[in-house]
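What the coordinates show
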Amino acid sequence: MSNHEAAWVAELERERADAQAAAADAAALYAALDASTPSLDVSFFVPMVPKPSNKRRAFVINGRATVVQDGAVKSHQREFAAICADARPLRADGSPALLDVPVVVDLVVVLKRPASLSGVSKRTGLPLQSPERRWHASRPDCDNLAKTVLDSLRAWWVDDSQVVGLRTFKVIAALGESPGYHVRIRNAAVCAGIVGVTE
């Protein structure tokens, strides 16, 4: 092998070693990111009668504006947060993770089935109405129900602005189905291609 060929082979070996080192560095970086950011595909059900977050009321007391929220709504949100606490992602040490990435939230809010849709035929014993879920096309509004959920989950992330996508459906419960909130929280990266986001 000539000196020129030997130098060329040595250069190739150096480039290969550099590429392997860079790959190892990248793998270490991604491992560190994975360790610091929990896997974000969390689904859970909160079995409670859904309650909308109504608008806060503002009063002026002694010359200062004071904003007050309905105590029943606050209590509902605390109960919601307590029920779903076990679904919260954990760090490696077992403590609750504080999510610091953009997230998308999907909600299916199941509202109580009214008595008018729950009747059963005395003659046949069959439901008088379809026993399946139906769209809940009356109050409460979707946005107020979603606000209940997002306000209840505030401790899960650094800031509310991290919720970059929200999809909410409200339905009347199927016959025999419990009312409540079906919630799914995912890393927003899963939707990047849909909306044209590149990072």
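Residues numbered from 1 in each chain as written. Predicted model: local features only at pLDDT ≥ 70, side-chain atom pairs only at ≥ 80, totals over all residues. Heavy atoms only, no water.

Applying the stated criterion across every chain yields a total of three aromatic pairs. Ring geometry for phenylalanine 44 against tryptophan 156: centres 5.6 Å apart, planes inclined by 40°, an arrangement best described as tilted. With phenylalanine 44 in strand E1 (residues 41-46) and tryptophan 156 in the loop between helix H3 (142-152) and strand E6 (163-172), this residue pair connects regions lying 112 residues apart in the sequence. The exposure class assigned to phenylalanine 44 is buried, which follows from its relative accessible area of 10%. Note on tryptophan 135 and phenylalanine 169: the rings are 6.2 Å apart at their centroids and 35° apart in plane angle, and the pair reads as tilted. You can see tryptophan 135 sitting in strand E5 (residues 134-135) and its partner phenylalanine 169 sitting in strand E6, a full 34 residues away along the chain. (Phe/Tyr/Trp six-rings, centres within 6.5 Å; stacked < 30°, edge-to-face > 60°. Helix = DSSP H or I, 4+ residues; strand = E, 2+ residues; numbered from the N terminus. Buried < 20%, exposed > 50% of the residue type's maximum accessible area, 1.4 Å probe, protein only.)

Turning next to the pattern of salt bridges. All told, the structure shown has seven salt bridges when counted by the stated rule. Residue aspartate 151 is joined to arginine 154 by a salt bridge in which the shortest nitrogen-to-oxygen separation is 3.2 Å. For aspartate 160, the salt bridge identified is with arginine 154, shortest N-O distance 3.2 Å. Of the residues examined, aspartate 160 reaches a relative accessible area of 37% and is grouped as partly exposed. Shared partners join several salt bridges into a network, and the residues in it are Lys147, Asp151, Arg154 and Asp160. (Salt bridge = Lys/Arg side-chain N within 4 Å of Asp/Glu carboxyl O.)

Turning to H3, its buried residues number three or more, namely Leu145, Ala146, Thr148, Val149, Leu150, Asp151 and Ser152. Looking at the buried side of H3, the elements it contacts are helix H2 (71-83), strand E4 (103-111), E6 and strand E7 (180-187). (Contact = heavy atoms within 4.5 Å.)

Bridge count for E4 against E6 is nine bridges, and the pairing is parallel. Paired with valine 105 across the two strands is leucine 166, which belongs to E6. Sheet topology note: the E5/E6 ladder contains two bridges and is antiparallel. Note on E6: the bridge partner recorded for tryptophan 135 is valine 171. (Pairing = 2+ DSSP bridges.)

This next bit is on the sheet that holds E4. Strand order in this open sheet of five strands is E1-E7-E4-E6-E5, and the pairing throughout is mixed. Edge strands, defined here as strands with exactly one partner in the open sheet, are E1 and E5. Set on the sheet, H3 makes contact with E4, E6 and E7; between it and E6 the angle comes to about 120°. (Axes fitted to C-alpha atoms, helices over the stretch in contact; angles between N-to-C directions.)

Glancing now at the pairing of E1. In E1, alternate side chains face the same way, and those of Val42, Phe44 and Val46 are buried while those of Asp41, Ser43 and Phe45 on the opposite face are not. Sheet analysis places E1 next to E7, joined by six bridges and oriented antiparallel. Bridge pairing links phenylalanine 45 to histidine 182 in E7.

What follows concerns the environment of isoleucine 185. By the element assignment, isoleucine 185 lies in strand E7. With sequence-adjacent residues up to four places away left out, isoleucine 185 is seen in contact with Leu40, Asp41, Val42, Phe44, Val103, Val104, Val105, Leu153, Trp156 and Trp157.

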